[in-house]
Structure formats: structure tokens, C-alpha cells
Amino acid sequence: MPIYCFFYLAQASPELVSKETLLEKLWPDRVVSDWALSRLLSDTRAILAEYQSDQDIIKTARGIGYALHDAERIDSPDTDAANVNTAQAGNKRTPAISPYFSVPLLLLLLGFGGWYIFEQQAENTGGQDAGNVVQSIAVLPLEAFSDEEELEYFADGLSEELIHQLAMLPELKVVSRNATFAFKNQNIDPRELAEKLNVTHVLEGSVRQPGDRVRITLQLIRANDGYHQWSKVFDGDRTSMLKVQEDIGGSIAQLISPEYQQQSVTLMRKHPQSDEAYTHFLKAAALMGKDDINQLRAAQVELDKALALEPDYGLAHAAKAKTLLLLHQFAQEPLTVNGPEALKHIRLAMESEPQLAEAYSALGLYHTYHNSFIEAEKAYLTSLSINPSLVSAQHNLGFAYWLQNRYAEAREHFEYALALNPLAPMSNFGLADAMFSGGDLDSAVDQYEHCLFVIPEFPACQLGYANLVLMMGNIEKATQFEQATAATLGQNNPCVVALGVRIAMWQQQWQEADTLLTPLVSVNATY
């Protein structure tokens, strides 16, 4: 395709060719994103640079289009003169090939173009190429082309519904919402994102609102080369947003997997008929993604609004229970208060929707905080039997096993959670710590280093790695981690102080260790 891109620019040279014109000429029967054009131009520039590396032959007029650079011509003077004389004789500009187009350059592009045509034919022979098989996928947050807040939440809701429905398909790994929404509003190459999330395909798209209608454009992109495997356009009524989401979710799932219609489970989650209640739920889901205390409390406000409109909203009840339990963990809100309230919402969620995986996951967390590990395990396993791709259930079951020193089982579920959300900080730390605590030190070193590579300066991994290298006798590196975490968490943070105590004891500085330990013991005598 770079040869066609160059041809169109050459024919119009020296005039600009608009983005819209190039998109129409290069993809006449398909709807593709602007990123596809940007990638094509990048590939074309790379090929041209192999021939003429001292300048960029294609110039960009931002927001307008592209043109061949008005630089030194690369054909012979005789060819130039012949072209000029021919054009003057016919009183018109010759449209065939620009004088920038030399024979070696033509051969270079024709060679690449021939490969591309062959590749295209191979890709369109019924999808037998293994690269076309969707083994794993990341659904990116859909881009809302509107200043209206409600349309953005509709786009978020559609992204989440697509993730949910695809996650129910057998043999398909679907990256979690938290993983993909971390890249929202970032102009990132889908191929780079696919590498970060370790998937074979990326689903991206946009939502527009012409009048009272919504138009959704979706593209399935193959990760290894950025090829747009297919593009689809959906139109729907703005007044029935939930119905539009359900229809699109089913269509996309069926396109990706023919087994979609053979599923015996109900793929759709139960949302209320009230778009307003659904919007409050979506706002809460966005706020809950960060595990931040203030955002968790703001999420509770949105969930209360949703439940005031729809008292039987099972997903909202389950989410409310989860926020109450997380605020116990992160804000030390008393379990004697938050626990019974969370259990009330869990029961209401199950009454409304008996097979709601999120409700059983919240129940598992409730039992975990009460050290009722048998009941916690039962609840988590029930949740995962309904939806194996529920990342919170996978991680929290790993956490429950870790608390019981069942490190091999903890590793299994942390690894599953990371397959769904490779960038999850606590799952990365949990896996490394389970390896360390289970005695697999070589794997623990690799995982801690991986954690700090994908999440630089993450205090939990710094502290865990510090304890590991200290045990291996590397006092200098442990001290560096102590200083780094003190800069992030504060010198008086109990975890930082505890690391300082271990370093002092390792060096047999008993007085220093006692001095550091005394304030901790005064606060908690069981420390």
C-alpha cells in the first residue's frame, strides 16, 4: 500500500492532498481510523528514507493534508526538460508520475507494493492465516467525538460491555477494563499497546452523535503488523443506549468467535432501563479504577444515586459493597461499620441477580477481611465459575491464599490476574512476593525487576525487592531502595522504618535497630 500512497501524492504534486481524500482513495470500501493513515505514511517515509535519507520527501500540513516535499529533484535534467516540454505542448500538467519519482525509487516501491499485494491476498483467503485468529484481545476505550459528557459515558459503557461479552467466550483471553482504560485519551500506537498488554489483537473505535442518532465505528487491528482485519459501522437510536450496546456487543462477539451463539450462559449483564441510573453506575466504575480513597468515596455518591433511581440494580449493589470493603482496607474505616453494610448490599445484589459474579467476588472479600478463609475461597470460586475473567476475583483469591501461606496457589491466581491486567501494580507485587515467600528466589528476582520495569518506583515492589536483596547480602542495594521508598512514602512510614530496622540488624547495629523500632512498638505492641 505505500506504493499507492506515494502514487496519489505524486500525481497531485506539488499540491496538498487532504487526509479525507487519501482515506477515500486508499480505503474506498472501509471505515478506518486516522491512525491507519498515519501508520501508512510512516511506513512510506521509512521506505523512501532507504533511498534518500537526507530529507523527508513527504511533508505534513497539520490538520490539512500531505504533499511531496519541494526539494531537489532526483531525475536527470533531460527527463525534467522532457516533462516540462510535454506539459507545455498539451497545455496541461502530466498526471502520471512526479519528477521526484526516479527509476530506482520506483523499483523499490514496486517491490514493496508487490509484497503488500501478495500479503493482502493471503490475508483475504478465508481467514486461515494463524495471524487472523483472535487468541487474545484488548478493547480500548472508545473515543467520543463530542463535548457532551453523557456521550463519553455511553462510549465507556459500550467498551465495558464489549469486554464483558468477549470475556465469556471460551479460549479467548480478554484484557480487563482497568488495564485498557489506563490508556484512555493517550495517542498510542495500537501495536505498542498490544505489546504492553501481551495480546494478538486490539479493538478500537469511536462514537459520534449526528442528531438524535449515534454512529459507532469499530476496527479490529492485528497486533503484529497493525493490519486492520475488519472495520464495522453501527447506527443506533440515542434514546435506547443500552439496547444499542447489547446489539453491538453481540455482533462483535459473533464476528470474533463463531461459537458465540452456542454459549449456554447468558452473556449480558442486567442493566436497568433507566439510562440515568446506568450513567451514574458508569461514573462510579471510572472512579473505582484507581483504588484512591477520595475517588472511592466519590464512587459511593454515584452508586447511591443509581440505586435511588433503580433499587434493584444488582451491579450497583455489588459495586457499593466493594467500595465499602476497599475503604476499610485503604482508609481504615472500621469493619464493624463497613462490614454489615457491605453484606447488606451483597445480599441485595444476589436477590436481584443470583448469578452475578461481582456479588460473589465482593462476598469473598468480605470473608477475607473477617479471616473466614474457607467461606472466602468458596465465594471466589463461585464467582470464577460464572466469569473466569473477573480480574478482581482472581487477584483477591490469590491474596486470600497468600494470607494462608498457600504460595503455590496464590501464584496461580496472581498469574491469571496478570494475564488479564498485565500492568496491575498489586498483582505484580503479589506474584513476586508469593515467589519470594515460597522460596523461588530466582523467579522472585525476575518478577520484582519486571514489576519495577513496567511500574517504575512502585513502593511495594521496591520494599519487597529490598528485603530479597538484603537476604542475599546486598546491603547497598537494599539501602538504595530504603531511601527511594522514604522519598515516596515518608521517612516515618512503618514499612520504610521496618526495612531500616532489618538493614541495621543485618549489619549488627543493634542500638540503631532498637532506636528505629521503639516508635513502632509504642503504636502497636504486637509489631
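Our subject is the structure listed above.
All of these numbers come straight from a predicted model, not from anything done at the bench.

Student: An account of the sheet that holds strand 3 (residues 65-68) is needed here, citing residue identities and associated values.
Tutor: Strand-to-strand pairing in sheets goes through backbone hydrogen bonds, with the strands running parallel or antiparallel. Ordered in space as 1-3-2, the three strands form an open sheet in which the pairing is antiparallel. Either end of the sheet is taken by a strand with one partner, and the two such strands are strand 1 (17-18) and strand 2 (58-61). Here four bridges tie strand 2 to strand 3, and the two strands are oriented antiparallel to one another. Within strand 3, the residue paired with I58 across the bridge is L68.

Student: Requested: an account of the nonpolar core, with residues and values cited.
Tutor: In terms of nonpolar packing, the biggest core is built from 75 residues, with F281, Y313, Y448 and Y465 touching the most fellow members. Among the elements that line this core, the one with the most residues is helix 12 (residues 314-331), at nine residues. Beyond its immediate sequence surroundings of up to four residues, Y465 is in contact with V445, Y448, E449, L452, K477 and F481.

Student: Tell me about the side chain of H317, and name the residues and values.
Tutor: Relative to the elements of secondary structure, H317 occurs in helix 12. Beyond its immediate chain neighbours, meaning those up to four positions away, H317 contacts L307, P311, H345, L348 and A349.

Student: With reference to specific residues and values, describe the pairing of strand 7 (residues 201-208).
Tutor: Counting buried residues along strand 7, seven of its eight residues qualify, which places the element largely inside the surrounding structure. Here strand 5 (residues 143-144) pairs with strand 7 via two bridges, running parallel. If you follow A144 over to strand 7, its bridge partner there is V207. As paired elements, strand 7 and strand 8 (residues 213-222) share eight bridges and run antiparallel to each other. Across the sheet, the residue bridging to V202 is I221, located in strand 8.

Student: I'd like a description of the packing of helix 14 (residues 357-369) against helix 16 (residues 391-403), backed by residues and values.
Tutor: Helix 16 packs onto helix 14 with a crossing angle of 20° between their chain directions and a minimal axis gap of 10 Å. Between helix 14 and helix 16, the crossing angle belongs to the class labelled roughly parallel. Helix 16 is crossed by helix 14, and the crossing has left-handed handedness. The segment helix 14 lies against helix 16, with S361, L365 and T368 engaging S392, A393, N396, F399, A400 and L403. Residues that form the contact of helix 14 with helix 16 fall into these classes: five nonpolar, four polar and no charged.

Reading the values: rules and limits
Residues numbered from 1 in each chain as written. Predicted model: local features only at pLDDT ≥ 70, side-chain atom pairs only at ≥ 80, totals over all residues. Heavy atoms only, no water. Pairing = 2+ DSSP bridges. Helix = DSSP H or I, 4+ residues; strand = E, 2+ residues; numbered from the N terminus. Core = buried A, V, L, I, M, F, W, Y, C linked by side-chain atoms within 4.5 Å. Buried < 20%, exposed > 50% of the residue type's maximum accessible area, 1.4 Å probe, protein only. Contact = heavy atoms within 4.5 Å. Axes fitted to C-alpha atoms, helices over the stretch in contact; angles between N-to-C directions. Parallel < 35°, antiparallel > 145°, perpendicular 65-115°, else oblique. Left-handed = near helix turned anticlockwise from the far one by under 90°. Nonpolar A, V, L, I, M, F, W, Y, C, P; charged D, E, K, R; others polar.

Read these as geometric descriptors, not functional statements.
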